[in-house]
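The primary structure of each chain is shown beneath.
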Amino acid sequence: MHPATAKWYDRRDSVFIEFCVADSKDVAVNFDKTKCGFSCIGGTNNAKLENEIDLFDAIDESQSKHKRTDRSVLCYLRKAQPGKAWPRLTKEKAKLSWLSVDFNNWKDWEDDSDEEIGNFDQFSDMMNNMGGEDDLADLDGADEDDSADSDDEKMPDLE
């Protein structure tokens, strides 16, 4: 048996694992407090695939679930301690060849705070309430007559 290729990403209250197996059959996903098990038959050669992951931290197995699509199986693992970042998916620091970070869905939520989001909303509102081009003074002077500024002097002719 071979492991299925997988990608993962972290969120404030959950961790997502996507097992990238096209046309999977006989999918079995098992959630334990500190483990996640996955097995199926899939791929172009209908191979038996199996993954066993010792998780970085505990999950709420009763709130965790999975969904199968034609292209993959997405697992939602509810963290036992929401708000705690997972620097990696596995308990061990070893690099697994079949596992990678899903950078398309990754978000550095640790730095985000509700206060900062509120400040951004206020900033957005302020920008939207500022007038458009109609409210700006005419700064380019296109409609003015060729009136000279007080410090403008006539330039000497070039020889």
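Above this note sits the structure.
This text gives an overview of the structure that appears in the document. Keep in mind that this is a model prediction, so the values were computed, not measured.

What counts and how
Residues numbered from 1 in each chain as written. Predicted model: local features only at pLDDT ≥ 70, side-chain atom pairs only at ≥ 80, totals over all residues. Heavy atoms only, no water. 1 Å grid on protein atoms, 1.4 Å probe; cavity = no way out; pocket = protein on both sides within 12 Å on 5 of 7 lines; lining within 4 Å. Points joined across faces, edges and corners; volume = space filled by probe spheres on them. Nonpolar A, V, L, I, M, F, W, Y, C, P; charged D, E, K, R; others polar. Salt bridge = Lys/Arg side-chain N within 4 Å of Asp/Glu carboxyl O. Helix = DSSP H or I, 4+ residues; strand = E, 2+ residues; numbered from the N terminus. Buried < 20%, exposed > 50% of the residue type's maximum accessible area, 1.4 Å probe, protein only. Pairing = 2+ DSSP bridges. Axes fitted to C-alpha atoms, helices over the stretch in contact; angles between N-to-C directions. Phe/Tyr/Trp six-rings, centres within 6.5 Å; stacked < 30°, edge-to-face > 60°.

What follows deals with the layout of surface pockets. Counted as a void, the largest pocket has a volume near 170 Å³. Looking at the largest pocket, it is lined by 13 residues, and the ones nearest its centre are Trp8, Arg88, Ala94, Lys95 and Leu99. Tallied by class, residues from the lining of the largest pocket come to seven nonpolar, two polar and four charged.

Glancing now at the pattern of salt bridges. Where charged atoms of side chains with opposite charge meet at close range, the side chains can pair. Taken as a whole and assessed by the stated rule, the structure comprises five salt bridges. Note that Lys35 and Asp54 form a salt bridge whose closest N and O atoms lie 3.7 Å from each other. Here Lys35, found in strand S4 (residues 35–42), pairs with Asp54, found in strand S5 (residues 47–54); they are 19 residues apart in sequence, far enough to count as distant. Here Asp54 falls in the partly exposed class, since its relative accessible area comes to 39%.

A few words on the sheet that holds strand S3 (residues 25–31). Strand order in the open sheet made by the three strands is S3-S4-S5, with antiparallel pairing throughout. Of all the strands in the sheet, the pair left with one neighbour each is S3 and S5. Looking at each pair of strands side by side, their axes are set apart by 5° on average, direction ignored. Taken together, the eight bridges between S4 and S5 define a ladder with antiparallel strand orientation. Across the sheet, Cys36 pairs through a bridge with Ile53, a residue of S5.

To continue, consider the packing of aromatic side chains. Evaluated as defined, the whole model comprises five aromatic pairs. For the ring pair Phe19 and Phe38, a centre distance of 4.1 Å and an interplane angle of 0° mean the geometry is stacked. Linking Phe19 in strand S2 (residues 14–19) with Phe38 in strand S4, this pair joins segments that are 19 residues apart in sequence. Overall, the relative accessible area of 1% leaves Phe38 in the buried class. Between Phe56 and Trp86, the ring centres sit 6.0 Å apart and the planes meet at 55°, which makes this aromatic pair tilted.

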